[in-house]
Amino acid sequence: MEVRQVGKSFGSRSILKKVDLTVHSHEFICILGHSGCGKSTLLNMIAGYLLPDEGEITVDGEAVKGPSKSRGMVFQDHALFPWMTVLDNISFGPEVQKMPKAQAKETAKEFLKLVGLEPYASHYPGELSGGMKQRVGIARALASRPDILLMDEPFGALDVLTRETMRIELQKICSQLKPTILFVTHSISEAVYLADRVVVMKHGEIAEIFEVGIKHPRSSHSAGFGEMMSRIERVLMDEEHLELASAKVGS
Amino acid sequence: MNGAKWPTVKDAGSLASAETTVIGKQVRGKRPAASGTFFQKYNILPSLLFFVLWELFSRVNESAKFFNPNFLPAPTVLLSEGWELAKTGIITDSIISSTIRILLGFVIGSAVAVALGVVMSKFKAVERWFSPILNLVGPIPALALLPLFIIWFGIGEFPKVLLIAWTTFIPVLVYTLDGFKSVPSTLIRSALSLGATERQIFTRVMLPSAIPNFLVGAQVSLGLSFSALIVSEMMGAKSGLGYIIVDARNYFKITNMFVAIILIGLEYSLFSYLLKLVERRIMAWRKGGLRDAVEK
């Protein structure tokens, strides 16, 4: 997937300026930045919800003209259908893609197993905890077999402990399925923990791209982990956002 | 959830009654007795008290004559008079014809409202043309239209059903439209990203998402359509609960009036209860409210 010279502005405010980014298949990329740096806008454009004002986004050589099942999305507020059971939520994707119902349910069960929520198949989302909801959200996005999985601060609304387990789970899922993932976050440690490459964005531009060469499974004690974090931190903090950033590092 | 709780409530009831018989007084202070749980389950004590007080007052009034006793007959008198009236078959006929009218009007009104709501939310142009007109005629009380309807369509069933349908139509349309408009955009986005077509989004996301709003609209309009029913039966009708009231007024049969009034109340309660049942069935997924906020 390629993002070429993409720009976007709302009214007179320009959110993104000439962003270039290439994502290879099976790559895990984290987009990191302060709130309002345009990272979510970029993700929404890749998903096809917004259209770029300048430049072009292509997937396998084809320009993105709108949302498609080839680019799955996981939302911060999980966006599960509250009137459907967990299983129906996950089988929604296969079903609307014309898979026979029984087969769709089987697929859904498979992915439910992947996220470890089989006992909750017939529960409604309202009965689950935040972390469980987000797991269902991930299973739902994966069940329609997207080429790229887009995740917009998926763990942003979770508490610190749940966040920790969720990123270990996500890491496990990734090593099993090897999907291509674009992951937006504002947590440096989360980015370093998960990503193959970390894209740091500032003021609508890509400030720097870091290759995280640390072997999986990573932990904060892995060699080079702390160093990578402080290198990213320096790029993020070298300006007026100093205070804001130091507050965010903690999360 | 409710299904799971049922047996425990029953068990508690039988348990309490068993203990009261054995231990007697000691328990009564701590636990609700069997009759207590019955009244907790069916909250009929207030209405029972209401009728008892009414009965007492009417009986006292018969001898004390605060005002003409005929103006407020006692409930027991109403029961026996109502039974006499029922024997003539008028009551069953009236209930049947009223029920048919309200059902027809309510269903037609809701169906048209939902259909128009669908079209209006789907095509901007339709909404642009329809909503100013609806804003113009919507606030007119439907009852003001009844004489006109009678002149236009005669005194048959059609103007009555039309009036009920019209009173149902406006609130249901307003609430349903609001429901379509307030579908969270992330739900639509996620459906799109899962490969749903526009049609699938409509049937599988927009419609179920608007159902709670539709039910609120139906609940609101039920009261309105009942008043439309009664008034339309008071003007140019040969049957129905509203007709009994007008007929009773003409012959000064106050007991018949009360019988009809009570029947109207009962029928409304029944319909409201049915709607609640439907709501509970469809909205099993919904949680919230005070009951879920704090456990007691």
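Residues numbered from 1 in each chain as written. Chains lettered and ligands numbered in written order. Predicted model: local features only at pLDDT ≥ 70, side-chain atom pairs only at ≥ 80, totals over all residues.

An unreviewed UniProt entry lists chain B under the name Sulfonate transport system permease protein, with Paenibacillus prosopidis as the source organism. Within the UniProt record for chain B, the comment given under Subcellular location (unreviewed entry) is "Cell membrane". (UniProt positions renumbered as here; feature names shortened; annotations may be inferred.)

The name recorded for chain A in an unreviewed UniProt entry is Carnitine transport ATP-binding protein OpuCA, from Paenibacillus prosopidis. Regarding chain A, the relevant UniProt record gives this comment under Subunit (unreviewed entry): "The complex is composed of two ATP-binding proteins (OpuCA), two transmembrane proteins (OpuCB and OpuCD) and a solute-binding protein (OpuCC)."

Enquirer: Got a minute to help me understand the overall build of chain A in this structure?
Expert: A tally of regular secondary structure across chain A gives eight helices and ten strands. Computed over its C-alpha atoms, the radius of gyration of chain A comes to 18 Å, within 12% of the 18 Å expected for a compact globule of 251 residues. Overall, chain A is about 55 × 40 × 30 Å in size when its C-alpha atoms are taken along their principal axes. Put simply, chain A has 251 residues, and 45% of those count as buried. The long-range share in chain A, meaning contacts at least 24 apart out of those at least 6 apart in sequence, stands at 67%. (Helix = DSSP H or I, 4+ residues; strand = E, 2+ residues; numbered from the N terminus. Rg over C-alpha atoms; globule rule 2.2 N^0.38 Å. Buried ≥ 20, exposed ≤ 12 C-beta atoms within 10 Å, placed from the backbone. Contact = placed C-beta atoms within 7 Å.)

Enquirer: Even after reading the chapter, I still don't get the pairing of strand β1 (residues 2-10) of chain A, so can you show me in this structure?
Expert: Residues in a regular strand project their side chains so that they alternate between the two faces of the sheet. All names here are of chain A. The sheet contact formed by β1 and strand β2 (residues 13-22) spans six bridges and is antiparallel. Along β2, the bridge assignment pairs Lys 8 with Leu 16. The sheet contact formed by β1 and strand β4 (residues 54-59) spans four bridges and is antiparallel. Across the sheet, the residue bridging to Arg 4 is Glu 56, located in β4. (Pairing = 2+ DSSP bridges.)

Enquirer: What am I meant to see in the interface of chain B and chain A here?
Expert: Interfaces are often sized by the accessible area lost when the parts come together. Taken together, the contacts link 14 residues of chain B with 20 residues of chain A. Mapped by element, the contributors of at least two residues to the side of chain B that touches chain A are α10 (185-193) and α11 (198-234) of chain B. It is α10(B) that provides the largest number of residues to the side of chain B that touches chain A, a total of six residues. Considered class by class, the residues forming the side of chain B that touches chain A number seven nonpolar, five polar and two charged. (Nonpolar A, V, L, I, M, F, W, Y, C, P; charged D, E, K, R; others polar.)

Enquirer: I tried to follow the UniProt feature "domain: ABC transporter" (unreviewed entry) in chain A on my own but got confused; where do I start?
Expert: The residues that UniProt annotates with the feature "domain: ABC transporter" (unreviewed entry) are residues 1-228 of chain A. Annotated as residues 1-228 of chain A, this span is 34% helix and 27% strand, and its ends, taken at the C-alpha atoms, are 26 Å apart.

Enquirer: What is the right way to look at the domain arrangement of chain A in this model?
Expert: Residues and elements named next belong to chain A. Segmenting chain A into domains produces domain 1 (77-178) and domain 2 (185-241). Each of domain 1 and domain 2 has a C-alpha centre, and these two points are 27 Å apart. Contacts between domain 1 and domain 2 engage five residues on the former and six residues on the latter. Taken together, the residues of the side of domain 1 that touches domain 2 sort by class into one nonpolar, two polar and two charged. (Domains from an automatic or database assignment.)

Enquirer: Help me understand the sheet that holds β2(A) in this model?
Expert: Each strand in a sheet pairs with another by means of backbone hydrogen bonds, the pair being arranged parallel or else antiparallel. All names here are of chain A. Read across the open sheet, the four strands follow the order β2-β1-β4-β5; overall the sheet is antiparallel. The strands lining the two open edges of the sheet, one partner per strand, are β2 and β5 (62-63). Along the sheet face, helix α1 (residues 39-47) touches β1, β2 and β4 and points at about 65° away from the line of β2. (Axes fitted to C-alpha atoms, helices over the stretch in contact; angles between N-to-C directions.)

Enquirer: Which parts of the structure should I look at to understand the packing of helix α12 (residues 241-251) of chain B against helix α13 (residues 254-282) of chain B?
Expert: When two helices pack together, their arrangement is given by the angle between their axes and by how far apart the axes lie. Residue and element names in this part refer to chain B. Two elements in contact, α12 and α13, have axes separated by 8 Å at closest approach and are oriented at 165°. Between α12 and α13, the angle falls in the class roughly antiparallel. Handedness of the crossing formed by α12 with α13: left-handed. Residue-level inspection shows Leu 241, Ile 244, Ile 245, Ala 248 and Arg 249 of α12 in contact with α13, the latter providing Ile 254, Asn 256, Met 257, Ala 260, Leu 263 and Ile 264. (Parallel < 35°, antiparallel > 145°, perpendicular 65-115°, else oblique. Left-handed = near helix turned anticlockwise from the far one by under 90°.)

Enquirer: What exactly am I supposed to notice about the pairing of strand β7 (residues 148-152) of chain A here?
Expert: Residues and elements named next belong to chain A. Most of β7 sits inside the fold, with five of its five residues counted as buried. Side chains of β7 alternate between two faces, with Ile 148, Leu 150 and Asp 152 and Leu 149 and Met 151 buried alike. Pairing of strand β6 (residues 71-74) with β7 involves four bridges; the strand directions are parallel. Of the residues in β7, the one forming a bridge with Met 73 is Leu 150.

Enquirer: Help me understand the confidence of the model for chain B in this model?
Expert: In low-pLDDT regions, the fine details of the predicted coordinates are not to be read closely. Residue and element names in this part refer to chain B. Mean pLDDT over chain B stands at 84; residues scoring 70 or higher make up 84%. Taking the mean pLDDT of every element in chain B, the minimum, 41, falls on helix α1 (residues 2-23) and the maximum, 93, on α10. Throughout residues 1-32 the model reports pLDDT below 50, and contacts reaching past four residues in sequence, or to other chains, amount to 18 contacts. Prediction confidence for the complex, expressed as pTM and ipTM, is 0.76 and 0.86 respectively. (pLDDT = per-residue confidence, 0-100.)

Enquirer: Which parts of the structure should I look at to understand the confidence of the model for chain A?
Expert: On average, residues of chain A score 87 in pLDDT, and 94% of them are at 70 or above. Within chain A, helix α2 (residues 86-96) of chain A carries the highest mean pLDDT (94), whereas helix α8 (residues 242-250) of chain A carries the lowest (56).

Enquirer: Is there a simple way to explain the environment of Ala102(A) in this structure?
Expert: Residue placement: Ala102(A) occurs in helix α3 (residues 101-114). In the structure, Ala102(A) is positioned eleven residues away from Ser91(A) in sequence and 9.7 Å away in space, judged by C-alpha atoms.

Enquirer: Explanation requested: the sheet that holds strand β8 (residues 180-185) of chain A in the structure shown.
Expert: All names here are of chain A. Strand order across the open sheet formed by six strands is β6-β7-β8-β3-β9-β10, with mixed pairing between neighbours. Here the strands that pair on one side only, and so sit at the sheet edges, are β6 and β10 (205-211). Strand-to-strand twist of the sheet, defined as the mean angle between neighbouring strand axes without regard to direction, takes the value 20°.

Enquirer: Looking at this structure, how should I read helix α4 (residues 45-64) of chain B?
Expert: Because the α-helix completes a turn every 3.6 residues, residues three or four places apart line up on one side. Residues and elements named next belong to chain B. Under the 1.5 Å per step criterion, the end-to-end length of α4 is 28 Å for 20 residues, consistent within 8% with the ideal 28 Å. Little of α4 is tucked away: zero of the 20 residues are buried. Two residues or fewer after α4 comes Lys 65, characterised by a positive phi angle close to 55°. (Expected span 1.5 Å × (residues − 1).)

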